[in-house]
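Chain and residue survey
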Amino acid sequence: MKKTIKKKTKPRINIDADFLAIDVETTGTFPKHGCQPFFISTCNSDGEHSSFSFDVDPKTRIVEFRNTDLAKFKKLVHRYKHFVFHNALFDIAMLRTLPEYGQDIYNLFLDALHSDRVDDTMLSAHAIDSKETKGLKEQALIYCDINADDEKALDDAVKHIRLKAKKLNWMIAHEGLPQLAGQTSKWHKCDMWILRAWAIHHKLPKNHEYWHLCATYADTDTWRTVALRTAHARILNNEPSLIEPYLQNMRLMPGVLKMQENGVPLSDKWYDIEYNNATKTRTKHHAAMLKIAKKEFSLEDFNPDSGPQLSKLLFKQFKFKPIKLTEAGNDSTDKEVIPKLLQQTHVKPAAIKFIKHIRLKAKKLNWMIAHEGLPQLAGQTSKWHKCDMWILRAWA
């Protein structure tokens with residue numbers, strides 16, 4: 001009796017899945033520092049929107065959540081099995097901060113991730129063409145022909161109100177704000193809440209654009225996500241070789257989420273072993289450098305860690321041209337200077353001698369020094385030491 005051999009089914013993205021796309025607008029990008037969502041936009045695979053907006057105290061940046069709306073959002077997500085995000089790591093981490101219901105919603109997403117029921121259009125964009133820009137708006141323009149001009153109106157309005165809000169001592173995003181430690185630019189992106197807060201503060205008419213500009217922007221983004229997921233799924237299904245790498249990246253996400261929350265555990269024993277090995281290696285190389293400096297250049301008690309001594313060796317004996325000065329007015333040997341010195345075209349004989357000497361020692365350590373037959377140097381026929389100017393710093 002012949003055994004029936006089941007053919008392994010190739011993975012495919014389910015285009016017909018009933019899914020919910022979710023996007024959040026937040027008071028910043030760091031949930032660990034207290035940043036939270038103030039607007040949650042959802043759009044299902046049929047294009048139906050449901051949104052949840054929460055006011056932000058402009059003096060504290062604290063989101064004023066309403067329990068009734070949070071309960072409605074929880075009920076909504078529990079109606080679906082499949083979810084779509086553009087940068088799921090960020091959105092899921094932010095939704096976890098929701099009071100009372102955040103952990104339950106997080107567990108729902110985690111279960112979906114373990115079952116291949118979450119799609120991330122940012123990761124699928126990377127799988128399809130890693131060289132293309134991964135931004136949602138740019139991707140939607142490329143693959144769905146959806147215009148990307150809605151962001152400018154919001155940006156302009158937020159920047160305008162930020163200037164006015166500063167005069168009212170509102171806590172607008174700026175350098176030095178503890179909640180935004182790590183943010184270096186695009187501060188207005190952390191203040192999208194400010195338009196609705198301004199409308200409330202000044203009791204603007206309900207038809208004023210400040211009431212709904214951010215909501216319109218966010219809802220358009222979830223619509224983009226729905227369209228982009230469909231477009232990406234078709235491309236991936238037509239190129240099966242791309243699906244498995246994409247799914248492998250998605251399956252890493254639960255682990256990454258846990259690392260974001262708990263950090264990466266470090267073994268003290270392993271750390272001690274590696275630290276001791278590194279110390280021994282450094283001591284060994286340090287001794288070799290001292291021996292070379294004494295034998296080749298008659299430098300007694302040479303200390304490679306001493307800026308002045310290294311400066312004397314480089315600029316007095318090797319005759320390199322100084323790049324910049326220290327605050328004290330001496331020739332600098334900092335980490336920016338050394339590579340630039342090695343790029344100088346006219347290398348003095350003493351330096352060449354030193355490089356050739358180190359090349360011989362490095363060969364015994366199985367370092368990949370320049371030599372005939374090395375693929376990277378195909379075509380090189382002589383002056384191999386010229387390709388190893390890096391070796392002095394590496395030896396140090």
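Because the structure is a prediction, the values reported are computed rather than measured. (Residues numbered from 1 in each chain as written. Predicted model: local features only at pLDDT ≥ 70, side-chain atom pairs only at ≥ 80, totals over all residues. Heavy atoms only, no water.)

1. Overview of the pairing of strand 2 (residues 37-44)
The buried fraction of strand 2 is high, at 8 of 8 residues. Alignment of strand 1 (residues 19-26) against strand 2, held across 7 bridges, turns out to be antiparallel. Each residue of the ladder has a partner; that of Thr 26, found in strand 2, is Pro 37. (Buried < 20%, exposed > 50% of the residue type's maximum accessible area, 1.4 Å probe, protein only. Helix = DSSP H or I, 4+ residues; strand = E, 2+ residues; numbered from the N terminus. Pairing = 2+ DSSP bridges.)

2. Some words on the pattern of salt bridges
Going through the model one piece at a time under the given rule, you end up with 16 salt bridges. Between Arg 162 and Asp 191 there is a salt bridge, and its shortest N-O distance comes to 2.5 Å. In this pair, Arg 162 sits in helix 6 (residues 150-167) while Asp 191 sits in the loop between helix 6 and helix 7 (194-201), placing the two residues 29 residues apart along the sequence. Just as Arg 162 is buried, Asp 191 falls in that class too. Residue Asp 334 pairs with Lys 324 through a salt bridge whose shortest N-O separation is 2.8 Å. With Asp 334 in the loop between helix 12 (307-317) and helix 13 (337-342) and Lys 324 in the loop between helix 12 and helix 13, this pair connects stretches of sequence that are 10 residues apart. Take Asp 334: its relative accessible area is 28%, and that puts it in the partly exposed class. (Salt bridge = Lys/Arg side-chain N within 4 Å of Asp/Glu carboxyl O.)

3. Some points on the packing of aromatic side chains
Think of a pair of aromatic rings as described by two things: how far the centres are apart, and how the planes are tilted against each other in angle. Applying the stated criterion across every chain yields a total of 7 aromatic pairs. Note on Phe 85 and Phe 109: the rings are 5.4 Å apart at their centroids and 90 degrees apart in plane angle, and the pair reads as edge-to-face. Remark: Phe 109 occurs in helix 3 (residues 102-114) and Phe 85 occurs in strand 6 (residues 82-85); sequence separation between them is 24 residues. The exposure classification of Phe 85 matches that of Phe 109, with both residues buried. Sitting over the face of the ring of Tyr 106, Arg 96 holds its NZ or CZ atom 3.8 Å from the ring centroid. Geometry around Trp 211 places Lys 206 over its ring, the cationic atom sitting 3.6 Å from the centre. (Phe/Tyr/Trp six-rings, centres within 6.5 Å; stacked < 30°, edge-to-face > 60°. Lys NZ or Arg CZ within 6 Å of the ring centre and 35° of its normal.)

4. Quick word on helix 1 (residues 67-77)
Taken as a whole, helix 1 has its buried residues at Asp 69, Leu 70, Phe 73, Leu 76 and Val 77. Looking straight down helix 1, one finds that the buried residues subtend no more than 120 degrees of arc, so they occupy a single side. Along helix 1, the residues that are exposed and aim more than 90 degrees away from the buried face are Thr 68, Lys 72 and Lys 75. Considering only its buried residues, helix 1 is in contact with strand 1, strand 2, strand 3 (49-53), strand 6, helix 2 (88-95) and helix 3. (Arc of directions from axis to C-beta. Contact = heavy atoms within 4.5 Å.)

None of the figures reported here should be taken as evidence of function without further support.
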